[in-house]
Amino acid sequence: MSTESQTTTESFESFESIQRSQVPAESSSHHHEEPTGIWSWITTVDHKRIGIMYFMTSMFFLGIGGLEAMLIRIQLFRPDSDFISAELYNQLFTMHGTTMIFLVAMPLAVAFFNYIVPLQIGARDVAFPRLNALSYWIYLFGGLYLNASWFFGAAPNTSWVGYANLTSTEYSPGLNVDFWVLGLSILGVSSIMGGVNFITTIINLRAPGMKLMRMPLFTWMTFVTSFLLVTALPVIAVALILLAFDRFFATNFFVVASGGDTTMWQHLFWIFGHPEVYILVLPAFGVISDVIPAFSRKPLFGYAVVVYAGVLIGFIGWGVWSHHMFTTGLGPIADSFFVASTMIIAIPTGVKIFNWMATMWGGALKMNTAMTFAVSLVGMFVLGGLSGIMHSSAPVDLQQHDSYFVVAHFHYVIVGGLLLGMFSGLYYWFPKVTGRMPNEALGKLHFWLTFIGFNLTFFPMHFSGMYGMPRRTWTYRAELNVEIYNQLSTVGAFILAISTVVLLYNLWKSARTGEKASHNPWGAPSLEWSIPSPPHHYNFPALPQVRSREPLWHEDERKEIEAITLAEPEVEPEMPNPSFWPIVLAAGVTLTWALVMTGRWWAPVIGLVLTAIPVYCWAFEDPFAKKETAHG
Amino acid sequence: MADAAAVAHDDHHYTSTGLNNWKLGFWTFIGSECLFFGTLISTYMAYKGASIVGPYPEKVFDIPLTSISTFVLLMSSLAMVLALDGVQKGSKKKALIWLGTVIVMGAIFLGFQYYEFTHFIHEYHLTLQTNVFGSTFYVLTGFHGAHVTIGVIWMITLFIRVLQGKMPPEKALQVEIAGLYWHFVDIVWIVIFVLIYLIP
Amino acid sequence: MRFAKLLGGLLALAVLAIPVAAQQEYPMSTIAPASDFAEGIHSVYVQIFWWAMGILTVCWVVLAYILIRFRERPDSPRPKQIHGDARLEIAWTVVPALIVVAIAIPTIQTVFQTQRAHPDAFVVDVIGHQYWWEFRYPQHGDVVTANELRLPVNQPVSLRIWSNDVIHSFWIPLLGGKRDANPLRAVPEGKDTHYSWIHMTPSETGYFLGQCAEFCGESHSRMMMSVVVETEEEFEAWLDDWRAGHAVPGTQTAQAEVAPMQAAGFAAMPVGSAQETAAPAPPTDPRLLEGYNLFVGQCVACHGIPGDPNAMASVAPDLTLLGRRERIGAGMLENTPENLVRWIRDPRSIKPGVLMPGVDYEGGRAPIVWPAFPYSDEQIESIALYLTSLR
C-alpha cells in the first residue's frame, strides 16, 4: 500500500487550520426568528425539521420494536417457557421484524437523507418540500395504524415475510393480516414518494460545480437507495394488492385449489425483499464512507471504485432474490443461477471494505465516538457478510435457512451494518444539527455497551442455529441443548436495551448542555460543514461554487466557499411557506386504506373522494405566496 | 455579497441539469409506475393457463371491440399533443378543443371497459372470483382503468383552468406533465393489449 | 488490541464447536451428518467455513493493526493524501473473485448431486399438516404413519414432500437439509403437479429429531417429528406388523403386555407377537376393551387405524402401532400412558391451536368442529392404555 502512483500534488490544508478558521459573521443573532410551537412543526416543509421528526419517530418505534425483542428474549431464556402465549409470541416476532425494518431502519436512514443530503450538495431544500412533509406524515400514520392492531388484540402474526397461504382468510381469519397488508401498503406509498423526491433533489439541486463524481459518498448512497426505493416498492405494492384482493374480495391469487401459486408470493416478496436489504444497508455504507475519511484525515481511498461498487450492489441486488427460496424447491438450475449471482455480489461488498481499510491505512485516526462506530461497522459487517457467503451456497443454506444461524446473520448485517452506521452518523452530524458537541464519555459508554450487547446477543445465535434451533419458534426443547446460547442472547439483549437508554440520555444532555460547536468542529471536507451549526432555515445564503471532492480541504476553495456560506445575507432567500395540506392528505390516505378493512368496495371510494379535497387544495396552494397570509 | 443576495432571491428556479424539478420528478414516478404495471403484467403472464375452470381468455376476449377502444385511447394521445401545443401557443380555443377531445376519448375508453367488464360478468359469468384468469385480468385492467379515470379527472381540471383563463403559456408545464401521465397510461395499455389480448 | 483479543476468543469458540457438536449431545446439529445428503452439505460447509475464517482473520488482523499503528498521536505526521491505487483495487477485486469461484464450484456440484434421485430409491410421501406430519409408503402398499418416519439404513430413499394446508418445511438436520412442504397447487389437465423432493441414503441407524422449519401458525414451534433409521430387517418387520393390521393387540398377548406397561411404561416391552395376529379383533382384556369402545366412540371421527374397519378416518394422525412410537404429540411428549392421558385431556395446553379438542376444551381460536370429549379421567386412562397396547 506504499505506492504513490496516485498521490496528488494538490495542496491540502492542515486540519488545525480548518478547525481554527473563525467566521466573521457567525453568531446566533439570526435576522429571521424561526417560528416555534407545535403548529410550526405540523405545517413545516423544512427538510431539516422533517429530518428531525423522522429521527424522533423512528426512535419511538425503535423503543416499541426493542420492547418486543425484549419480551421475545425473556420468553426464550428457558426451554419450554410459558412466560407468554404462543399467539402473543407470534405477534411479537412479526411486529418486531415489521417494525424494525419498515418503521425504524428505513425511516432512520431517511432522517439522515432529509437532514444531510441537501446540505451536502449545497441545496436550500429538497426538490419537493411539501411532498417531503407528506412522506413523513404518511409514515407516521402508517406506523400508528400498524401498531393500533395491538389495541384490537390482533397484531399481525404471520411473520414479516407473510408467506402465502398462511395469510389467507382460511388460515388467518382475524384482523391481524388485514392490519399488516394495509399498514405496509401505506408505508410503501411514503417510501416511493421519498425516493422520487431524493432522486430529483440529487440530480437537480446540486450546487454549481458539484458534479456527480464530486458528491460525498453519503449522497451517492442515498441516490442509489432512492432508485432502489422507487423500483422495489412497487413490486411489494403489487404483492400486497394481490393479497388484499384475496382477503377482501376472495380472488384466487394464492388459492392453490383454484390454481393459484403460493410460490408467487415468495417471488414477489423477495424481488422486493432483497433490494430492500440494500435499501437498509447502503445508507450506512454511505455514512461511514464520509466518517472514515474525515477522521483518518485522508480522502476516501478509491472514491470511484467505492461509488461504482455501491451502484453495482444496487444493480446486482435485483438478481439474487431466490437465494431466500433455496428450500422452496425451484430445481438445481435455478438454484445454481442464484448461487452464482449471490456470490458475485460479495465481490463489490468486499471491495468497499478493503477501500475503507485502505483509507484508514496511513491516516491519523481520531477515534472519537463517530469513528469508533464506523470502524466497528467494518469489523462486524465482515462477519455478517461471511455468514452470508455461507448460505449463499444453496446446499449449506438448506441446513441454515430459517434457523437461528440466519437470525444471527441478518442481525449482524442490519444491526452491525445499518445501526452501527447510523449511530456513527448520529454522532458525526450531531453538532451540525444541534450546534453542540456530543458528550464523548457517554458516547464511548454507549458504544461499548452497544458493541458488547450486540455481540453477546447475536453471536451465540450462530450456535443455537447450528445446533438446529429453528427461527420463529415460541419455545424450544431442552434436549436441543441450546439453552446456554439463548441465555447469553437474552443477557446481551438487556445490555443493548441499557445502551439505548444511554444513547437517549446522551442526546438529551448534549443537545442542552453540550459544548458549543463551531461550523466545522471535525475539520471535515464536505459542504454541510461550511455553514453555521445549526444551519439557517435557508441553509445557504447563496449557492457556493464547488471545485473538488473535498471542497473544505483545499484552502483556497474553502475560503471562497465560506465567504459565501457563512455570510449573513441582507435579504434572506425566499423559502416555501409552511403548509397544512400534507398532514391532511396523509390522514386521508391512511383513512382510505383503513376503510378497505371494511371489505366493502365503496368504503375506500368514500375515502378517495375525501382525499381528493386536500389534493386540490394542495395543487392550488402557492408555496411562495406572500408571508402575511401564511401562518406563523 | 449583494450579488449573491440578489441571486438568492429567485434561485429556487435553479437546477443543476436545467431540467424542471417537476418534470424530472414525474419521470421518476413514471419509472416507478413501470415497475408497478410490469409486476402486474408479469403476474398475469405467470398465471397464464393456470385456471382450473373456465371461462378462459380465448372464449371471452372480443379483439375487434377492444381494438376500437385501443384505437380511441391511442388517438387521445395525439389530441393530448395538440392540446399542449394550444396551451403553449396561448390559443385558448385550440387548448379547449383538444383537451375536450382527450376527455371524451378517455371517457369512451372507460365506457368500453365498463361494457367489457359487465359483458364478461353477465354473459360469461367471469368475475374476480371465478378463476385465476378472472382475478389476474380484472385486477390488471382494473388498475389500468383506475389510472385512466384519474387521468380524465386531471384533464377535466385542466380544462376548467383553461376555461377560467388561468393557464397562460408560462404554465404550460402543468399540461405537459399531465400529458406525460396520459401518454404513459396509453403506452401501458398498448402493452396490455398486445400481451394479454393479442398473444394467444 | 481489543479486536485481536476478541478475534482470538471467537476463533477458539468456533473451532471448539466442531468436535463438541460431533457428539450426540446435539440431536439437531447441522454439522453431524448421518446421511449422504447431509454429508454432501457438510463437506461444502466445512470448505466455506475455513475460507470464511481465513478472510475474517485477515480482515480483523489488518483492522487491528491499522487501529494501533495509525491512531492519531500528538506527533502524528500529516497523513499523505492518497486517492487510490488501481493495482490494489484490481488485486482486491480479483482475489475475492477467485475465492468465490473456489466456493461456487463445489457448491454447484453439490446442488446437482443432492437433487438427483438414486435409481434404486423407494418413495415416501411426506405430507405436512398444521401441526403434524403424515408419512405414506406408496411402494409398500398403503402403509401410512405419522410423526415418526421409519427408514431402512443404507437404502436410498426419495421423500416426495407436500402440504395439506399451509407451507411447512421438512427438516431432520442430521439427515440433511430442509425442503419446503408446499400446498399442492391444482393444475389444469395435462400438466404435472409440482412436489419438493429430498433424495438421500441414511448411513447410520438411530433416532433422528427434526422440526418444521417454515412458520406455519400458532403451534409452529411444537411441530416436531423424527426419523427412525433401523436395519433392513427391523424395517421389514415393522412393515409386516403394520400390514398385519394391528388395530388391537392379539388376544393371547394382550394380558401379558398390560401388566409391565402399567408398572414401568412401555420401554421394556418385547416386540414380536405381531405376525401371529392376522386379523384385528377387539381386545379381550376388559380395560382395553373399554378403551377400545371409547376410542371408537369419539376418536375415529378423525383418527384412523387402517386395519380396523371401525377406524378409517385420515384427517388426523394415523395411530397404527402407536404404542411402538417413542413420542406422541408430534414429537412433544415421550410416549407413556401418563403423557397420553395428558394429551387426550388437553392437547391445546401442549400444542396451542391444534385441532383436537380434548376434554378440557372450552372454545377458542381454531375452527374446531368437534365438541369436547365427554370422558372421565378413568375413561381417558382406558383409552390411553388401549392406544399404548397397539404395538
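Only a predicted model underlies this, so the values are computations on that prediction, with no experimental measurement involved. (Residues numbered from 1 in each chain as written. Chains lettered and ligands numbered in written order. Predicted model: local features only at pLDDT ≥ 70, side-chain atom pairs only at ≥ 80, totals over all residues. Heavy atoms only, no water.)

Enquirer: Hey, could you run me through the interface of chain C and chain A in this one?
Expert: When the parts of a complex come together, some accessible area is lost, and that lost area is often taken as the interface size. Contacts between the two partners involve 97 residues from chain C, matched on the other side by 107 residues from chain A. Both sides of the chain C and chain A interface together cover about 9100 Å² of buried area, and 65% of this is carbon and sulfur. Counting across the chain C and chain A interface gives 32 residue pairs in polar contact (both at pLDDT 80 or more). Of all the secondary-structure elements, those providing two or more residues to the side of chain C that touches chain A are α1 (2–22), α2 (36–69), α3 (86–114), β7 (179–181) and β9 (206–211) of chain C. Classifying every residue of the side of chain C that touches chain A by side-chain character gives 56 nonpolar, 22 polar and 19 charged. (Contact = heavy atoms within 4.5 Å. Buried area = accessible area lost by both parts, 1.4 Å probe. Polar contact = N/O pair within 3.5 Å; in protein donor to acceptor, adjacent residues only side chain to side chain. Helix = DSSP H or I, 4+ residues; strand = E, 2+ residues; numbered from the N terminus. Nonpolar A, V, L, I, M, F, W, Y, C, P; charged D, E, K, R; others polar.)

Enquirer: Even after reading the chapter, I still don't get the pairing of strand β8 (residues 196–200) of chain C, so can you show me in this structure?
Expert: Working note: regular strand, side chains alternate between the two faces of the sheet. Residue and element names in this part refer to chain C. Counting buried residues along β8, four of its five residues qualify, which places the element largely inside the surrounding structure. Pairing analysis gives five bridges linking strand β5 (residues 157–163) to β8, with the strands arranged antiparallel. Note that in β8 the partner of Val 157 across the bridge is Met 200. (Buried < 20%, exposed > 50% of the residue type's maximum accessible area, 1.4 Å probe, protein only. Pairing = 2+ DSSP bridges.)

Enquirer: What am I meant to see in the nonpolar core here?
Expert: Grouped burial of nonpolar side chains is what soluble globular proteins tend to show. Core analysis: the largest hydrophobic core is formed by 356 residues, its most contacted members being Trp 265 and Tyr 428 of chain A, Phe 137 of chain B together with Leu 159, Phe 170 and Leu 387 of chain C. No other element matches helix α4 (residues 86–121) of chain A, which puts 23 residues into this core. Lining this core are residues from two domains, each supplying at least three of them: domain 1 (41–567) and domain 2 (579–623) of chain A. Ignoring anything within four residues of it in the chain, the contact list for Leu 159 of chain C reads Val 124, Val 126, Leu 149, Phe 170, Ser 196, Trp 197, Ile 198 and Met 200 of chain C. One finds Phe 301 and Val 351 of chain A together with Leu 88 and Trp 92 of chain C within the second-largest nonpolar core, a separate group that totals six residues. (Core = buried A, V, L, I, M, F, W, Y, C linked by side-chain atoms within 4.5 Å. Domains from an automatic or database assignment.)

Enquirer: Sorry if this is basic, but what is going on with the interface of chain B and chain A here?
Expert: Across the contact, 43 residues belong to chain B and 48 residues belong to chain A. With both sides pooled, the region where chain B packs onto chain A buries about 3700 Å², and carbon together with sulfur makes up 68% of that total. Inspection of the chain B/chain A interface yields zero salt bridges. Viewed at the interface, chain A and chain B are joined by 15 residue pairs in polar contact (both at pLDDT 80 or more). If you list the elements that add at least two residues to the side of chain B that touches chain A, you get α1 (2–10), α2 (21–46) and α6 (132–163) of chain B. For the side of chain B that touches chain A, the leading source of residues is α2 of chain B, giving 13 residues. Taken together, the residues that form the side of chain B that touches chain A break down as 21 nonpolar, 20 polar and two charged. (Salt bridge = Lys/Arg side-chain N within 4 Å of Asp/Glu carboxyl O.)

Enquirer: Quick question: what am I supposed to make of the domain arrangement of chain A here?
Expert: All names here are of chain A. We note that the domain assignment places domain 1 (41–567) and domain 2 (579–623) within chain A. Taken together, the 20 residues of domain 1 in the interface contact 18 residues of domain 2. Carbon and sulfur atoms make up 80% of the area that domain 1 and domain 2 hide from each other, which totals about 1800 Å². Ranking the residues of domain 1 by area buried against domain 2 places Arg 130, Leu 134 and Phe 141 at the top, with a combined share of 34%.

Enquirer: Would you mind going over the sheet that holds strand β3 (residues 143–146) of chain C with me for this structure?
Expert: Sheet strands pair via backbone hydrogen bonds, and the direction of the pair is either parallel or antiparallel. Residue and element names in this part refer to chain C. The strand order β3-β2-β1-β5-β8 describes an open sheet built from five strands, whose pairing is mixed. Each having just a single partner strand, β3 and β8 make up the two edges of the open sheet. Neighbour-to-neighbour, the strand axes of this sheet turn through a mean angle of 20°, independent of strand direction. (Axes fitted to C-alpha atoms, helices over the stretch in contact; angles between N-to-C directions.)

Enquirer: Can you walk me through empty space enclosed by the protein in this structure?
Expert: Where empty space is left in the structure can be found by rolling a water-sized probe over the atoms. All names here are of chain A. On inspection of all chains with the given rule, the structure shows 12 cavities of 30 Å³ or more. Forming the boundary of the second largest cavity are 17 residues, of which Pro 216, Asp 290, Pro 525, Arg 549 and Glu 550 lie nearest the centre. Considering every element that reaches the lining of the second largest cavity, the biggest residue donor is helix α8 (residues 262–296), with three residues. (1 Å grid on protein atoms, 1.4 Å probe; cavity = no way out; pocket = protein on both sides within 12 Å on 5 of 7 lines; lining within 4 Å. Points joined across faces, edges and corners; volume = space filled by probe spheres on them.)

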